[in-house]
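Coordinate inspection notes
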Amino acid sequence: MAVLSKIRKRSGLLLLAIGFALLAFVIQDIFNSGMKSISTDVGSVNGKDISFDEFRIKVANTEKNAQNGQQMTSMQASNQVWNQEVQVALLNAEFEKLGIRVGEKHIIEAFKSDPNIGQNQMFLNAAGKFDLNKFKDYFKEIPNGMQMLKEQEKNAELRAKYEIYNSLIKGGMYATQTEGKFKYEAESNKVSFDFVMVPFSSVKDSDVKVTDEEITTYMKTKEKKFKSEESRELDYVLISEKPSAADESEIKKNVDALLLPSVRYNKDTGKNDTIQGFRTVSDNADFVNANSDIPFDSTFISKQDLPAEHAEQLFNLPAGEIYGPYMKANYYCLSKGLGRKAGAKVKASHILISWEGTQVPNKKEKRTKEQAKAKADGLLAQAQANPGMFMMLAMSNSDDSSAQQGGDLGFFGPNQMVKPFNDFAFGNPIGKIGLVETQFGYHIIQVTDKQDAVRLATIAQKIEPSEATNDKIYTQATKFEMDAANKDFAAIVKQAKLTTNPAVRVKAIDENFASLSNQRQIVKWAFDGDTKIGNIKRFEIVNVGHVIAKLKSIAPKGLMSVEEARPQVEPILKNKKKAAKIEAKMKGASLAAIAASNKVTVMNAVDLTIENPSVPNAGYEPKVVGLAFSSKAGVVSKPIEGNSGVYVIATKAVTKAPAIKKYDDFIAKVKQQAVGNSGRFMQALKEDADIVDNRADFY
């Protein structure tokens, strides 16, 4: 009791001591993390924050609604949502600056232009027109419908404003009379000249060196082009989880054993049962499903879909006979023939003629069902009269995307097409041309080929590393990790007889690492505040193996690192140095003398234009052709540094195009090009904006 009394008396001091300890722990953690504040925003655009709470909901919805059943990682969804958020923020700022406003009519038009809404049968009236009331009523009848409707209206308002904004930009893209005249002259004025060209390749790469300082100096002259986000460079090695020769032998032995009867103990009866082998078993599907890593497939398979190296044997395998064991990818397989079927797959071409109301997005023209039938009948008559014209008829008339391939649909199996189409294709001989109606329209069909197919019962067992093999690989990887922590990384790779990989550079929001997809864990480690240059870490990747990574360098935000820029910059600087060496040798009073001293020949270019400055046997050389236009005839020029070498030219003749009164056609060309460039406005807005991306703190 005395002890308990003393503890009670001192409990206040004890709690105070614990409090100080916790406070010290928190303070230490703050200092260790560099006093970094935890933001609740995933980023900002021109000072406007993007809330993480709202952002993560959109990311989750994007993941859930991934199209075509494809899986989407959180980072992929994050990238998609981030790009949308940035674009919306930039556009809204532009809309506000320009005073762009929209009303209900604009929003309704935006709904109509959205195929998922404007062409949805649920929202169309009896006349096939979009009905706003039907659209709104739909949302009233579903949970959270009104909130969803508000979101739809918000999106429609944004699209409507965007249409106005985009129209303003395109409307501002004009071309002047002077530009039209320049375009005409660039296409029509011609120059002919003789030239000598000494290619850069005549100087060995080893004869010119480019230093890190020279690359940095060059990048500083074009900072915008070589701007880079903060990055990390890592050395790494991959120790793969691969089956050993013993593992392969064991799997092959197991597969071989399935051919013959076996004895297995039956727990229920307490007796040994004799199990039939694959050769004699009658229930092939049950046997395959009990012994194969790939379930029984009852479909007929054409020869072209069989493994190429075994296709001949498998396709001609008699019913009941066995082929194998054989290798197919990472599997040991046994196949039993179950029969052959003639005409199991059909190849056909078609011409689709749709009408208003069918579910075809890109109709070539508007027509009623009666008009479609009349056109289809006419095309059928043409195709039957001249089957060789089918491809051309499809290319010029079909509403289906297969029109680009002349209507060719390739080979397909039973029930892959809608029933009327399927029945015609499989029920008629090769060469038959006919007409069927489906919900998509009228199809003029030509049966072009048929294939026989075989049915096989295939046992496939995957060749995987055993537990003992994986234990050896794990031991090797952990030993490498410990050795590399204290020794030279490259030396340990060589000592372990592993493959040397090029260093990998990653940015904070990257997900993939080298050739390995979805390795966000490695990137996050590289950017962790506690990870220092020289640190080593092992990462276990399921079904792949072990990656042991070393942080090699850190490049802050700003200019690219020299290593990153070298592949782009070094060839440019090398060519400049080569040009100086070549120019020093291009001396002489005439082109012939210069050519002789450089062991090349004098060549000539005839009727080149500014618009098409392609020099014969040399390539695209606008600088050379431009100087030829401005040079005095017969005078040998100074050396000109081109794209592929150093040139000396002597202009022979410049032919001016005849004067014309109007340049309308050429003005139209310039304007069309300018309108095409209008789509670059978003990139321009991004480059001019202050965008802060904090996603690496959350994902």
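Preceding block: the structure.
What comes next is a walk through the structure. Once a new chain begins, its residue numbering starts again from 1 and follows that chain's sequence as written. It should be noted that, the model being predicted, local features are given only for residues of pLDDT at least 70 and side-chain atom pairs only at 80 or more, the latter also being counted only at that level, while totals for whole chains, interfaces and linings use all residues. Only hydrogens and water are set aside when side-chain values are computed; all heavy atoms of the structure are taken into account.

1. Section: the overall build of the chain
Starting at the N terminus, helices and strands are each numbered in turn, a helix being any DSSP run of H or I of at least four residues and a strand any DSSP run of E of at least two. A count of helical and extended segments in the chain gives 24 helices and 23 strands. On C-alpha atoms alone, the chain measures out to a radius of gyration of 36 Å, which is more than a quarter above the 27 Å that the 2.2 N^0.38 rule sets for 699 residues. Along the three orthogonal principal directions, the C-alpha set of the chain runs to about 105 × 100 × 70 Å. Within the chain, the proportion of its 699 residues that are buried is 35%. When checking whether two residues touch, look at their non-hydrogen atoms; a contact exists if any pair is within 4.5 Å. Look at the contacts in the chain between residues 6 or more apart in sequence, and 66% of them connect residues 24 or more apart. Each accessible area is a Shrake-Rupley estimate made with a 1.4 Å probe; only the visible protein chains count as cover when residues are assessed. For the chain, the computed accessible surface area is about 41800 Å², with 52% contributed by carbon and sulfur atoms. Counted as positive: Lys and Arg. Counted as negative: Asp and Glu. His and the chain ends are not counted at all. Where a charge lies is defined by one atom per residue type, namely NZ (Lys), CZ (Arg), CG (Asp) and CD (Glu). If the 95 positive side-chain charges of the chain are averaged to one point and the 85 negative ones to another, these points end up 3 Å apart. With the radius of gyration taken over C-alpha atoms, the globule rule is written as 2.2 Å times the number of residues to the power 0.38. The buried label applies to any residue whose accessible area, calculated with a 1.4 Å probe on protein chains only, is under 20% of its type's maximum; exposed applies above 50%, and partly exposed to all values in between.

2. Considering the sheet that holds strand β1 (residues 41-45)
Whenever strands of a sheet pair, they do so through backbone hydrogen bonds, lying parallel or antiparallel. Two strands pair under a simple rule: DSSP has to find at least two bridges between them. If you walk across this open sheet you meet the 3 strands as β2-β1-β23, and the pairing is antiparallel. The two strands at the open ends of the sheet, each matched to only one other strand, are β2 (48-51) and β23 (691-693). Direction aside, the axes of adjacent strands within the sheet are offset by 20° on average. Two strands pair when backbone bridges link them, and β1 and β2 are joined in this way by 4 bridges, in the antiparallel orientation. Bridge pairing in β2 places Ser-44 opposite Asp-49. All axes are obtained by fitting lines to C-alpha atoms, using only the stretch in contact for helices, and the reported angles, taken between N-to-C directions, cover 0 to 180 degrees. Packing of helix α3 (residues 52-64) onto the sheet brings it into contact with β1 and β2, and relative to β2 it is tilted by some 50°. Contacts from helix α4 (residues 74-98) reach β1, β2 and β23 within the one sheet, and its direction differs from that of β1 by about 40°.

3. Description of helix α12 (residues 284-291)
For α12, every residue scored as buried is listed here: Asn-284, Phe-287, Val-288 and Asn-291. Down the axis of α12, the sector holding all buried residues measures 100°, keeping them to one side. Residues Asp-286 and Ala-290 are exposed on α12 and point more than 90 degrees away from its buried face. The directions from the helix axis to the C-beta atoms form the arc being described.

4. Regarding the pattern of salt bridges
In the sections that follow, a salt bridge refers to a side-chain nitrogen of Lys or Arg positioned within 4 Å of a carboxyl oxygen of Asp or Glu. Tallying each qualifying case throughout the model produces 35 salt bridges. Ionic pairing is found between Asp-212 and Arg-566, a salt bridge with its closest N-O pair at 2.5 Å. Placement of Asp-212 in helix α10 (residues 212-221) and of Arg-566 in helix α20 (residues 562-585) is noted, with a sequence separation of 354 residues between them. Using a relative accessible area of 23% as the deciding quantity, one classes Arg-566 as partly exposed. For Arg-367, the salt bridge identified is with Glu-365, shortest N-O distance 3.6 Å. We classify Arg-367 as buried; its relative accessible area is 4%. The exposure class of Glu-365 is partly exposed, given its relative accessible area of 39%. Each of the salt bridges in this network shares a partner with another, and the network as a whole consists of Lys-183, Glu-187, Glu-611 and Lys-669.

5. A look at the packing of α3 against α4
Direction vectors running N to C along α3 and α4 enclose 120°, while the axes themselves pass 9 Å from each other. In terms of orientation, α3 lies oblique with respect to α4. Judged by the sense of rotation from one axis to the other, the crossing of α3 with α4 is right-handed. On α4, the residues touching Phe-55, Lys-58, Val-59, Thr-62 and Glu-63 of α3 are Ser-74, Ala-77, Ser-78, Gln-80, Val-81, Trp-82 and Glu-85. An angle below 35 degrees is treated as roughly parallel, one above 145 as roughly antiparallel, one from 65 to 115 as roughly perpendicular, and anything else as oblique. The crossing is said to be left-handed when, going from far helix to near helix, the turn is anticlockwise and less than a right angle, and right-handed when the turn is clockwise.

6. A short note on the side chain of Arg-367
Following the sequence through the fold, Arg-367 ends up in the loop between β10 (331-353) and α14 (369-385). A distance of 2.7 Å separates a polar side-chain atom of Arg-367 from the backbone oxygen of Ser-354. The residues contacting Arg-367, other than those within four sequence positions of it, are Ile-353, Ser-354, Trp-355, Glu-356, Ala-372, Lys-375 and Asp-399. Contacts described as polar in this section are N or O atom pairs within 3.5 Å, which, within protein, must combine one atom able to donate a hydrogen with one able to accept it, while residues neighboring in sequence count only if both atoms come from side chains.

7. A look at helix α9 (residues 177-188)
Take the number of residues in a helix, subtract one, and multiply by 1.5 Å to get its expected span. Over its 12 residues, α9 extends 16 Å from the first C-alpha to the last, a length consistent with the 16 Å expected when each residue adds 1.5 Å. Turning to α9, its buried residues are Gly-180, Lys-183, Tyr-184 and Ala-186. One side of α9 carries all its buried residues, which in axial view fall inside an arc of 165°. Facing away from the buried surface of α9 by more than 90 degrees, the exposed residues are Thr-178 and Phe-182.

8. Brief notes about the packing of α4 against helix α24 (residues 681-688)
The N-to-C vectors of α4 and α24 enclose an angle of 90°; their axes lie 10 Å apart at closest approach. With respect to each other, α4 and α24 are oriented roughly perpendicular. Across the interface between the two elements, Val-86, Gln-87, Leu-90, Leu-91 and Glu-94 from α4 touch Phe-681, Met-682, Leu-685 and Lys-686 from α24. Under the scheme applied, nonpolar residues are Ala, Val, Leu, Ile, Met, Phe, Trp, Tyr, Cys and Pro; charged residues are Asp, Glu, Lys and Arg; polar residues are all the others, including Gly. Partitioned by chemical class, the residues of the contact of α4 with α24 number 6 nonpolar, 1 polar and 2 charged.

9. Notes on the pairing of strand β5 (residues 231-240)
Most of β5 sits inside the fold, with 8 of its 10 residues counted as buried. Of the strand pairs in this sheet, β5 and strand β14 (residues 504-507) are connected by 4 bridges, and their pairing is antiparallel. By the bridge assignment for β14, Leu-234 is matched with Val-504. Both β5 and strand β16 (residues 545-555) contribute to a ladder of 10 bridges, which runs antiparallel. Its bridge partner lying in β16, Ser-231 is registered against Ala-555.

10. Quick word on the sheet that holds β5
Strands sit in the order β14-β5-β16-β15 across an open sheet of 4 strands; the sheet is antiparallel. The outermost strands of the open sheet, each flanked by one partner alone, are β14 and β15 (536-541). Averaged over all pairs of adjacent strands, the angle between strand axes in this sheet comes to 40°, irrespective of strand direction. Packing against the sheet, helix α19 (residues 520-527) makes contact with β5, β14, β15 and β16, and its axis sits at approximately 165° to β15.

Any functional reading would require information that these geometric values do not contain.
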